[in-house]
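Report on the structure
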Amino acid sequence: MKIKSHVMSAFLAGALATTAFSSVYAAEDTIKVGILHSLSGTMAISETTLKDAMLMLIEDQNKKGGLLGKKLEAVVVDPASDWPLFAEKARELISVDKVSAVFGCWTSSSRKSVLPVFEELNSLLFYPVQYEGEESSRNIFYTGAAPNQQAIPAVDYLMNTEGVERFVLEGTDYVYPRTTNKILEAYLIAKGIPKEDILINYTPFGFSDWQTEVAKIKEFGSAGKKTAVVSTINGDANVPFYKELGNKGIKATDIPVVAFSVGEEELAGLDTKPLVGHLAAWNYFQSVDAPANAEFIKEWHAFTKNDKRVTNDPMEAAYIGFKAWVSAVEAAGTTDTDAVLDTIIGTTVPNLSGGYATVMPNHHITKPVLIGEIQADGQFEIVQQTPAVVGDEWSDYLPDSKDLISDWRKPMSCGNFNVATGKCGGKGS
Amino acid sequence: MITQMLFSRHEKKTVWAVFLILLAAALVPLANLLIPEGSAFHVPGYLVPLLGKYLCYALLALALDLVWGYCGILSLGHGAFFALGGYAMGMYLMRQIGDRGVYANPLLPDFMVFLNWQELPWYWYGFNHFAFAALMVVLVPGLLAFVFGWFAFRSRVTGVYLSIITQAMTYALLLAFFRNEMGFGGNNGLTDFKEILGFNVQAGGTRAALFAATAIALALALVLSSAIVRSKYGKVLVGVRDAESRTRFLGYRVENMKLFIFTVSAMMAGVAGALYVPQVGIINPGEFAPANSIEVVIWTAVGGRGTLIGPIIGAILVNFGKSIFTAAFPEFWLFALGALFVATTLFLPKGVVGTVQQFIARRKEQKKADAVEQAYQDKAAAKAESQLATLEPQAAE
Amino acid sequence: MRGVKPTEQEELMYRAIQTFLVALCLLVSCLATGLRAQEDIRPLVDALGATSFPQKIEAVKALAASGNPKVADILQNLTDGKLYAPKTGGAVYLEGAADGAYLDALTGAPANEVPGNLAKIRLNNGLRGAIGAALSQLTLLSPDRAARLTASQDLLKDANPDNLALLNSALAQEKDAEVKATMEAARAVILLKTDASAEDKKAAIDMIAARGNRDALTILTAAMDNAPDDLKPAIEKNIASIKTSLAAWDVAQNIWYGLSLGSVLLLAAIGLAITFGVMGIINMAHGEMVMLGAYTTYVVQQTVASVAPGMTDYSLAFAVPAAFLFTGLVGVGIERSVIRWLYGRPLETLLATWGISLILQQAIRTIFGPTNRQVDNPSWMSGAFEVGGLAITYNRMWIIVFSLGVFVALLLLLKRSKFGLQMRAVTQNRRMASSMGIRTPWVDALTFGLGSGIAGMAGVALSQIDNVSPNLGQNYIIDSFMVVVFGGVGNLWGTLVGALTLGIANKFLEPYAGAVLGKILILIFIILFIQRRPRGLFALKGRAVEQ
């Protein structure tokens, strides 16, 4: 992967040199922005917050005078946690409402469902959630974490700081945990962890009876080696999982659990006192000590008129995506998709943890990795923070994707370039 | 001559409906492709697959109505047959991608590549041929329905028990298709299709053709359903619906009759699913969700069960409403939808079509009654007049 | 003590001397130090403000080794997050009473010059473990039994050979049987790690093996690695025997898990057994009644917490009747406004109640927001206890008790009360009942209210183990229908047996087939079972069946 990192670092150097360009049009009309998040159905629990965050960001931008002299106008639709409906609504947003960009989707299924629509109609989607990687589309920007920006640093932390030698990879049975666990398994084996010290287990969506699974974890953890759980358990299933852990008396000092899908929002439904010390890996926590974050939280509380509302990582990702788009549109002087695609690569905007996020040629962004421990008040104490890491869309730990890179700058303009054969289109071996 | 036969053998309404659907099959693609944008008659590109989707749902609702409206089998698992047909088509479309996937693996779909599958599972073989896939679209749902029905109807599982086990069936399939080990792409399902029969699925022409195909399929299904319903067999089916035991005592093999209609209905649902997938561009286990199957029941009920046009109108009406409301009132559309269902049951127990029919029937009856009344009165008046006339001379006397 | 095994007397004497020496050390350190010694550990305390976790861990170890009496307090303050240090590292301060006021970490006196960039000293799991180990050394001789027990348990977990002397001295004066047993186990574990004599190690192995639980298995498995060859067979034998007994306990444990899952299913389904089973309404809003019950619990808990904070542990006692009444009233409202028009058209009730469920879900989403609400477990429902090899969590146990209680109460109500009689009369023969002077509409409304109210009570219980979110009900509705149909519509006993059977079967399948496949197998089993017995486990017999 040498070529890749070389390309990226060369790029980073020039990235800060983005020029701000704004021209004032005396136009009455508005720039429309689509918001495609489920407001009903199973995913409403996570996605509604992001819709609110987007509305706040748009309102804020309008207060600052809008974009290119026009006001931004949010177009909110409800795809109702129904994946084909996502595609239908995306098409409607682009074709009927003529939005300039869409911010939305949560699950990979919804993203996969809308991907062909965005490519066909040549529009922009900013996707704000951590995902399994293995994708790079010309029309999508992935502002959440790729596995190397979340999972691998978390496992490194467990091995180096907690001295963990045995791993339970516990996940909900869907593509994100499957892929992440495949990557982690390959990574752990490469690090010299024997295969019998890795237990992989899957449960269905919305699983609520964790007695047997937790007992299994406890049993696996009683082999005399320090054991940890790497959890890719999704959404609803987390609360009963942590309740069972707490009641079974599994403390973080015995078997720590590091989760990739548990943030402030999920903890808001839980009494976290028995969970102190369990971990989560994200690129942002509400407890981040930075002026930008303090400002953001203040605005969020004011916008939602509720000073108990928490912020979380996907909100930061949405924030970065929106700021990057705004800055790219300003640089291009137009909201035209092709022009924005040209200017957005290399755009650098401040993130909320006191650093900067740069949009890379692979349409992923740079992010620091933060490891946090759950505190009694439902917040995270940050115990480790890495410098910014470049999102790796094609994992180096999967045999078929390790030779692939993506670079959407001309002349390459390819989402799956094979460095071994030097051809675009994933042509390997 | 065939048209004549159609006219003679079917209700007038059905013929009109078939005619309208076929008209749509011709006009919508033409209005989309030939009439220039900006014209009032232009059908915008985004609308074509959307309308196609409604028609697929209409076909599914019609299939459900055959078993529920005409045979009294409330299936809460018809979504499963729909999804199976969809998966069969999805597998064909997946194989059509060939080496244009992101990993350029000529044999394996992308989701198998990054999960380290080494070879194509046996049940994926053959799906690179359209004919095979098309066969599977009807065979797989049909076979499942046949086996399921064979056991269920022979043991005389009826009423809510049957409804609940059909729900269990679709729920079990939902869980099974969510599993990545099954080799159907887990919860992401099958997506990112490129070509169908060599045509780009995203091209306007293909879309229009798919819409036309769906409309024609719906029209054919309507003709078939009508033929079934109006045959002697169809009359007995209604007998099964209204008094199963009596029908059995009359000597009919009720379980065989149920099995036949259930299997035919499942095949129709499979075809609906197969047409649905290329138009929406994704098939995933969410289609197996029990809630989806319940929704189909609701479309049918809203339109009017036990009529052939009802389910078609119901499916189009509810889904059209859904499309409008999810965009217009994203936060509150569920209230409207919920209220619609409650209101339909309370005020339109026979569904839209049933109620209209009833209304028309009443009007007709009223007219008849009025006519009779009028005639009677006329007669009476005439009589009185004549009586008067006969009396008059006397009075004159 | 090496090589030759001392006689008992010698051992005792040795212990006595050791205790004396330890006591003497402590005494001397206390007496001879005073203020000066306090200042001696100041650099050690300030080292807690280091920037890296390994440095902090070293500091904690050094503090513990200093033997200073203030150390326990300081470490406790550290655990409670009361200690502050500059972000760049440096002197450590104690949080004062007022905001922004700091005290000297060592003396507790107000601090004079405080640097501006103070931040709370961060803990991580490694540091927490080190503090626990250090505190356990310091509290092992504490007069408080609970403190000694925790300390000895920590020592057992930590098993640091450095603590052997301390442990020996503590053992000599320990009177409490449980604490003593834990200490002895800790000592045995430590002995296995040292180069003690073969006999001592043998005794230690037997000692650990006698505990017979999973922890013992862990210790023995770990001991295998560096055990001398002649001991290995003994360890292996013990491991094997523990495994056999654990396997037996596993069966019992699975039955317990199954009962617990079954009781949850029973709770979720029993209200449906009334509205669907008895009244014949395909009540798709049943899950939402459960959800409303859970949200009532949340509201009651919030109210209790703000009105009478001392009573929060008992808020569930208020929540149960509140949930029953509230959801019961909602149920009566639904029956009077919608369902009463639909009697005799069961399939249409499906449609209407599905609509109602959508409205209720969205209403809750609008009022409370789409995210989870936090419902705390009261202290008497937290934690677990062990019976032999069974680990039993309190919340599951109380839910089993609660669901059986609800079941028995409902059975009594139906079979023994006048209302129950009327209800059965109305559902069996409406016109006859009406002729006998029963106000059937009133009975219908109350019956539906009863079913809904019971669903609400189920919501109270489910709020203790599951999410309190607008989707809560959706997760249980299908399972509830399966249970009622499997058990036999219209029969409460069927619901009970059905729920428990499905629960136990599920839990026995889960370890072999995995959670997903297990559930699929259960569904297939239900489908096949209904083929065999088309009217469920306990079928109603007679004419009424054919409507």
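Residues numbered from 1 in each chain as written. Chains lettered and ligands numbered in written order. Predicted model: local features only at pLDDT ≥ 70, side-chain atom pairs only at ≥ 80, totals over all residues. Heavy atoms only, no water.

Moving on: the domain arrangement of chain B. All names here are of chain B. Its domain assignment divides chain B into domain 1 (2-349) and domain 2 (350-391). For domain 1 and domain 2, the distance between their C-alpha centres works out to 45 Å. In this complex, domain 1 contributes 13 residues to the contact, which on the side of domain 2 involves seven residues. Summed over both partners, the interface of domain 1 with domain 2 buries about 680 Å², with 67% contributed by carbon and sulfur atoms. The three residues of domain 1 that bury the most area against domain 2 are T307, L348 and P349, which together make up 46% of that side's buried surface. Remark: the boundary between domain 1 and domain 2 carries zero salt bridges. At the level of elements, α12 (290-303) and α13 (309-328) are the ones that each hand at least two residues to the side of domain 1 that touches domain 2. Per-element tally for the side of domain 1 that touches domain 2: the top contributor is α13, with four residues. Taken together, the residues that form the side of domain 1 that touches domain 2 break down as seven nonpolar, four polar and two charged. (Domains from an automatic or database assignment. Contact = heavy atoms within 4.5 Å. Buried area = accessible area lost by both parts, 1.4 Å probe. Salt bridge = Lys/Arg side-chain N within 4 Å of Asp/Glu carboxyl O. Helix = DSSP H or I, 4+ residues; strand = E, 2+ residues; numbered from the N terminus. Nonpolar A, V, L, I, M, F, W, Y, C, P; charged D, E, K, R; others polar.)

With that out of the way, let us pick up the sheet that holds strand β6 (residues 166-172) of chain A. Strand pairs in the sheet, formed through backbone hydrogen bonds, run parallel or antiparallel to each other. Residues and elements named next belong to chain A. A sheet is described by the order of its strands in space; here seven strands give the open sequence β7-β6-β8-β9-β10-β14-β15, paired in mixed fashion. Only two strands of the sheet have a single partner each, and these edge strands are β7 (198-203) and β15 (380-385). Sheet twist, expressed as the mean angle between neighbouring strand axes with direction ignored, is 25 degrees. Judged from the six bridges that link them, β6 and β7 form a sheet pairing that is parallel. Looking at the pairing, E170 lines up with N201 of β7. (Pairing = 2+ DSSP bridges. Axes fitted to C-alpha atoms, helices over the stretch in contact; angles between N-to-C directions.)

Bringing the interface of chain A and chain C into the picture now. Across the contact, 54 residues belong to chain A and 49 residues belong to chain C. With both sides pooled, the region where chain A packs onto chain C buries about 4,000 Å², and carbon together with sulfur makes up 46% of that total. The interface formed by chain A and chain C holds five salt bridges in total. Of the charged contacts in the structure, one is a salt bridge between E381 of chain A and R122 of chain C, with a shortest N-O distance of 3.1 Å. Linking chain A with chain C are 18 residue pairs in polar contact (both at pLDDT 80 or more). At the level of elements, α2 (44-63), β7, α7 (211-220), α8 (238-247) and β15 of chain A are the ones that each hand at least two residues to the side of chain A that touches chain C. For the side of chain A that touches chain C, the leading source of residues is α7 of chain A, giving six residues. Taken together, the residues of the side of chain A that touches chain C break down into 21 nonpolar, 17 polar and 16 charged. (Polar contact = N/O pair within 3.5 Å; in protein donor to acceptor, adjacent residues only side chain to side chain.)

Moving on: the sheet that holds strand β4 (residues 125-127) of chain A. Residue and element names in this part refer to chain A. Taken together, five strands build an open sheet; the order of strands is β2-β1-β3-β4-β5 and the sheet is parallel. The sheet terminates laterally at β2 (72-77) and β5 (140-142), the two strands that pair on one side only. Strand-to-strand, the axes of this sheet are offset by a mean angle of 25 degrees, without reference to chain direction. The pairing of strand β1 (residues 31-36) with strand β3 (residues 101-104) spans four bridges and is classified as parallel. Bridging across to β3, G34 finds its partner in V102. Set on the sheet, helix α3 (residues 83-95) makes contact with β1, β2 and β3; between it and β1 the angle comes to about 175 degrees. Strands in contact with helix α4 (residues 108-121) are β1, β3, β4 and β5; relative to β4, the strand with the most contacts, it is inclined by about 165 degrees.

At the interface, 41 residues of chain C touch 41 residues of chain B. Interface area, chain C with chain B, both sides summed: about 3,700 Å², of which 79% is carbon and sulfur. Of all residues in chain C, L351, W354 and Q531 of chain C bury the most surface against chain B, accounting for 18% of the area lost on that side. For the pair chain C and chain B, the number of links is zero salt bridges.

Within the secondary structure, S208 of chain A sits in the loop between β7 and α7. Among the residues examined, S208 of chain A registers a relative accessible area of 19% and is labelled buried. Not counting residues up to four positions away in its chain, the partners in contact with S208 of chain A are P240 of chain A together with R396, D466 and Y476 of chain C. (Buried < 20%, exposed > 50% of the residue type's maximum accessible area, 1.4 Å probe, protein only.)

Residue and element names in this part refer to chain B. In the numbering adopted here, UniProt assigns the feature "transmembrane region" (unreviewed entry) to residues 67-89, 130-153, 160-178, 208-229, 259-277, 297-320 and 332-349. Across residues 130-153, the secondary structure splits into 100% helix and 0% strand, with the terminal C-alpha atoms separated by 34 Å. Taken end to end, residues 297-320 comprises 79% helix and 0% strand; its first and last C-alpha atoms sit 16 Å apart. (UniProt positions renumbered as here; feature names shortened; annotations may be inferred.)

Linking two cysteines covalently via their sulfur atoms produces the bond known as a disulfide. All names here are of chain A. Per the counting criterion, the structure on display carries one disulfide over all chains. Here C414 engages in a disulfide with C424; their sulfurs sit 1.9 Å apart. One quick way to see it: the torsion about the S-S bond of C414 and C424 is about 95 degrees, and its sign makes the bridge right-handed. Residue C414 is found in strand β18 (residues 414-418), and its partner C424 is found in strand β19 (residues 423-424); the two are separated by ten residues along the sequence. A relative accessible area of 1% means that C414 is categorised as buried. Judged by its relative accessible area of 42%, C424 falls in the partly exposed class. (Disulfide = S-S within 2.5 Å.)

Attention now moves to the domain arrangement of chain C. The figure often quoted for interface size is the accessible area lost as the parts come together. By domain assignment, chain C separates into domain 1 (8-226) and domain 2 (249-546). A C-alpha centroid distance of 50 Å is found between domain 1 of chain C and domain 2 of chain C.

Residue and element names in this part refer to chain A. Between K410 and P411 the backbone carries a cis peptide bond, its omega angle lying at 5 degrees. Tracing the backbone shows P411 in the loop between β17 (404-407) and β18. The phi torsion at K305 lies on the positive side, around 55 degrees, for a residue other than glycine. Residue placement: K305 occurs in the loop between α10 (291-304) and α11 (313-332). With a relative accessible area of 74%, K305 lands in the exposed category.

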